[in-house]
Amino acid sequence: VREAFPWTSDPNEKGNALFYRDTGEWWDISFWNSEKLETLNLNYQKADSLSLWHHYKEVIQLRKENVAFTSGDYQPLFREQENIIAFRRTHDEESFVVIVNTGDRRTQLSGLKELAEYIPVYGNYELNREEDQLWLDSNQCIVMRKANPS
């Protein structure tokens, strides 16, 4: 069910478009009537440095600052790994790798030697280069940039 975006935690505050308020079943199960509202609203998201709002803001900034994300060549990675979306984007001398765990449990990736020249620039992850492992919890990601372009 798609609902009106919670700009604030107060459903009565001006700007919250609740045209479906008190219309029955949809309103009865709405997040507007739950504890979730406290953490979903934009005011809360802006104050929480780990929120989805901050995540998108940082990812959009990375995209704006690096042409490889918009005009670069695309190469899928780790295709055989279940619940992992991974790819490399390269444009001229600029190269990035993005890895996202879309699953509901912690996942280990091995065989990262080809990424030895890449350094993390964004994400929430546990990277152990000595053992050639990357651990990503559910919904975690990492963005890496090639340190020494060739």
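Here, every reference points to the structure presented above.
Conventions adopted
- Residues numbered from 1 in each chain as written.
- Predicted model: local features only at pLDDT ≥ 70, side-chain atom pairs only at ≥ 80, totals over all residues.
- Heavy atoms only, no water.
- Helix = DSSP H or I, 4+ residues; strand = E, 2+ residues; numbered from the N terminus.
- Rg over C-alpha atoms; globule rule 2.2 N^0.38 Å.
- Pairing = 2+ DSSP bridges.
- Axes fitted to C-alpha atoms, helices over the stretch in contact; angles between N-to-C directions.
- Contact = heavy atoms within 4.5 Å.
- Salt bridge = Lys/Arg side-chain N within 4 Å of Asp/Glu carboxyl O.
- Buried < 20%, exposed > 50% of the residue type's maximum accessible area, 1.4 Å probe, protein only.
- Phe/Tyr/Trp six-rings, centres within 6.5 Å; stacked < 30°, edge-to-face > 60°.

Engineer: Would you take a moment to explain the overall build of the protein for this structure?
Structural biologist: Helix and strand content of the protein: 5 helices and 8 strands. Listing every helix and strand of the protein by position from the N terminus yields α-α-α-α-α-β-β-β-β-β-β-β-β. Here the protein has a C-alpha radius of gyration of 20 Å; the compact-globule value for 150 residues is 15 Å, and the former is much larger. Expressed as lengths along the three principal axes of its C-alpha atoms, the size of the protein is roughly 60 × 30 × 25 Å.

Engineer: What exactly am I supposed to notice about the sheet that holds strand β3 (residues 94-101) here?
Structural biologist: Sheet strands line up and pair through hydrogen bonds in the backbone, either parallel or antiparallel. In spatial order, the strands read β1-β2-β3-β8-β5; together these 5 strands make up an open sheet with antiparallel pairing. Single-partner strands in this sheet number two, and they are β1 (73-76) and β5 (118-123). The sheet shows a mean angle of 25° between the axes of neighbouring strands, direction not considered. Alignment of β3 against strand β8 (residues 141-146), held across 5 bridges, turns out to be antiparallel. Looking across to β8, one finds that I99 is bridged to I142. Along the sheet, helix α4 (residues 52-65) contacts β5 and β8; its crossing angle with β5, the most-contacted strand, is approximately 140°.

Engineer: Honestly, the pattern of salt bridges in this entry has me stumped. Any pointers?
Structural biologist: Oppositely charged side chains may form a pair once their charged atoms are brought near each other. For the coordinates displayed, the defined rule picks out 3 salt bridges. Taking the shortest distance from any N to any O, the salt bridge between R106 and D137 comes out at 3.4 Å. Here R106 is found in the loop between β3 and β4 (107-110), whereas its partner D137 is found in the loop between β7 (133-136) and β8, with 31 residues between them in sequence. Taking the relative accessible area as the measure of exposure, R106 reaches 40% and is therefore partly exposed. For D137, a relative accessible area of 31% corresponds to the partly exposed category.

Engineer: What am I meant to see in the packing of aromatic side chains here?
Structural biologist: The relation between two aromatic rings is expressed through the spacing of the ring centres and the mutual angle of the planes. If you walk through the whole model with that rule in mind, you get 6 aromatic pairs. Aromatic side chains F69 and F96 sit 4.6 Å apart centroid to centroid with 40° between the ring planes, which places their arrangement in the tilted category. You can see F69 sitting in helix α5 (residues 68-71) and its partner F96 sitting in strand β3, a full 27 residues away along the chain. The same class applies to F69 and to F96, which are both buried.

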